[in-house]
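Listed here are the chains, written in short residue letters.
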Amino acid sequence: MTKKMLITGSSRGIGEAIARLAKVRGYDVILHGRTLSPNLIKLVEELEAEYVIFDVCKEEDVIQEISRVDQIDILINSAGINVSKPFEELSDDDWRSIYDINVFGLANVTRHVVPVMRASVGLGKIINIASIKGLYSSVGRVAYASSKAAVINLTTGLAKELAPDILVNAVAPGFTNTEMTKSTWSKRIKDQVESILLQRMADPSEIAKLVLFLVSSENEYITGQAIVIDGGFSIKND
Ligand SMILES: NC(=O)c1ccc[n+]([C@@H]2O[C@H](COP(=O)([O-])OP(=O)(O)OC[C@H]3O[C@@H](n4cnc5c(N)ncnc54)[C@H](OP(=O)(O)O)[C@@H]3O)[C@@H](O)[C@H]2O)c1
């Protein structure tokens with residue numbers, strides 16, 4: 001039976017790249033966005049895919065939309081936001097929105113997808129898109145980075161609770177060329193990108209290739225891990 005993959009945050013960016021590659025590799029794709037944006041409509045048509053619309057923080061909407069789906073074998077949690085500000089400028093609202101979406105929203109979606117996954121045949125797979133910042137924080141990113149550290153820790157906990165039926169892994173990208181990166185672009189980030197060992201940002205399709213390996217039948221033994229894909233950014237400090 002064809003495997004079905006739900007990708008949150010697939011209206012653009014890394015989620016969109018994962019959806020496109022999943023379609024090429026023969027999966028049935030379920031797209032997702034917070035709203036039915038023009039890009040999401042275009043993707044639904046292009047990939048001939050099902051879609052669900054919900055804010056990951058709104059549990060009732062998540063329940064309602066997930067109840068329309070008959071099968072989910074693979075869940076990719078890619079929906080997320082980034083707020084880039086020095087610690088002393090971060091407001092209570094900034095902290096809450098980051099954690100609401102990146103941590104509680106991810107847990108919310110996963111909680112309601114796992115029972116559907118358990119009812120499907122074969123090994124389930126969950127991939128959480130974390131960030132290299134979740135392993136090594138940086139100036140101006142403390143809220144975002146600590147939310148991604150929570151995602152990495154949540155990944156190990158879920159891998160333990162859901163074994164042996166469901167494999168749970170995180171992918172920790174470095175700078176990747178999406179709208180999220182463009183929205184935080186600055187001289188400092190330009191310098192950081194130039195200091196990456198491979199001297200460039202990742203293309204979202206490169207993150208997608210790693211994700212597609214982890215959810216494929218080629219992987220039946222990696223679980224509870226955070227796999228770094230950052231062009232050598234995190235080891236460059238010498
Ligand atoms: N880009 C990078 O350099 C980078 C590096 C490391 C990790 N990451 C992580 O990778 C993931 C994807 O990032 P990206 O660069 O692809 O970001 P992006 O281009 O900004 O896309 C974000 C996606 O998340 C969705 N989303 C945001 N808030 C949501 C909410 N409350 N409810 C439902 N959906 C929501 C958006 O949906 P709408 O379009 O409907 O708003 C969109 O589909 C994120 O978790 C991010 O933290 C990114």
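Below: a short report on this structure. (Residues numbered from 1 in each chain as written. Predicted model: local features only at pLDDT ≥ 70, side-chain atom pairs only at ≥ 80, totals over all residues.)

A few words on the site of the ligand. In the vicinity of the ligand there are 29 residues, among which Gly 9, Gly 13, Arg 34, Gly 80 and Thr 178 approach most closely. Secondary structure elements with two or more residues in the shell around the ligand: α1 (13–24), α4 (92–119) and α6 (179–183). Grouping the amino acids of the shell around the ligand by side-chain chemistry returns ten nonpolar, 15 polar and four charged. (Near = placed C-beta within 6 Å. Helix = DSSP H or I, 4+ residues; strand = E, 2+ residues; numbered from the N terminus. Nonpolar A, V, L, I, M, F, W, Y, C, P; charged D, E, K, R; others polar.)

Let us now look at the pairing of strand β2 (residues 28–33). Along β2, six of the six residues are buried, which leaves the element largely enclosed by surrounding structure. Neither face of β2 is left uncovered, since the one carrying Asp 28, Ile 30 and His 32 and the one carrying Val 29, Leu 31 and Gly 33 both have all their residues buried. Summarising the sheet, strand β1 (residues 4–8) and β2 pair through three bridges and their orientation is parallel. Looking across to β2, one finds that Met 5 is bridged to Val 29. Following the chain from β1 across α1 to the adjacent parallel β2, one finds a crossover that is right-handed. Read from β2 through helix α2 (residues 38–47) to strand β3 (residues 50–53), the crossover connection turns out right-handed. (Buried ≥ 20, exposed ≤ 12 C-beta atoms within 10 Å, placed from the backbone. Pairing = 2+ DSSP bridges. Right-handed = clockwise from strand over helix to strand, strands pointing away.)

Here we come to unusual backbone geometry. Here Ala 163 and Pro 164 are connected by a cis peptide whose omega angle stands at 0 degrees. Along the chain, the position of Pro 164 falls in the loop between α5 (142–162) and β6 (166–173). In this structure, Glu 48 is a non-glycine residue whose phi angle is positive, near 45 degrees. Within the secondary structure, Glu 48 sits in the loop between α2 and β3. With a phi close to 60 degrees, Gln 199 is a non-glycine residue in the positive phi region. Relative to the assigned elements, Gln 199 resides in the loop between α7 (187–194) and α8 (204–215). Residue classification places Gln 199 among the exposed positions, given that 10 C-beta atoms sit within 10 Å.

Residues Met 5, Ile 18, Val 29, Leu 31 and Val 211 are the most contacted members of the largest nonpolar core, which totals 61 residues. Among the elements that take part in this core, α4 stands out by supplying seven residues, more than any other. Each residue touching Leu 31, except ones within four places of it in the same chain, is listed here: Ile 7, Ser 10, Ala 19, Leu 40, Leu 43, Val 44, Ala 49 and Tyr 51. (Core = buried A, V, L, I, M, F, W, Y, C linked by C-beta atoms within 7 Å. Contact = placed C-beta atoms within 7 Å.)

On to the packing of α1 against α8. For the pair α1 and α8, the least separation of the axes is 8 Å and the interaxial angle reads 55 degrees. Comparing their axes, α8 and α1 come out oblique. Two packed elements cross with a definite hand, and for α1 against α8 that hand is right-handed. Residue-level contacts link Gly 13, Ile 14, Ala 17, Ile 18, Leu 21 and Ala 22 of α1 to Pro 204, Ser 205, Ile 207, Ala 208, Lys 209, Val 211 and Leu 212 of α8. Along the lines of polarity and charge, the residues of the contact of α1 with α8 split into ten nonpolar, two polar and one charged. (Axes fitted to C-alpha atoms, helices over the stretch in contact; angles between N-to-C directions. Parallel < 35°, antiparallel > 145°, perpendicular 65-115°, else oblique. Left-handed = near helix turned anticlockwise from the far one by under 90°.)

The next thing to look at is the sheet that holds β3. Taken in spatial order, the seven strands of this open sheet run β3-β2-β1-β4-β5-β6-β7, and their pairing is parallel. The sheet is open, and its two borders are formed by β3 and β7 (226–229), each paired with just one other strand. Pairs of neighbouring strands in the sheet enclose a mean axial angle of 20 degrees, with direction left out of account. Looking at chain direction, strand β5 (residues 124–129) and β6 are connected through six bridges and run parallel.

Close contact between helix α3 (residues 59–66) and α4 brings their axes to 10 Å; oriented N to C, the two are set at 25 degrees. Taken together, the axis directions place α3 and α4 in an arrangement best described as roughly parallel. Relative to α4, the crossing made by α3 is right-handed. The segment α3 lies against α4, with Glu 59, Val 62, Ile 63 and Ile 66 engaging Asn 108, Val 109, His 112, Val 113 and Val 116. Partitioned by chemical class, the residues of the contact of α3 with α4 number six nonpolar, two polar and one charged.

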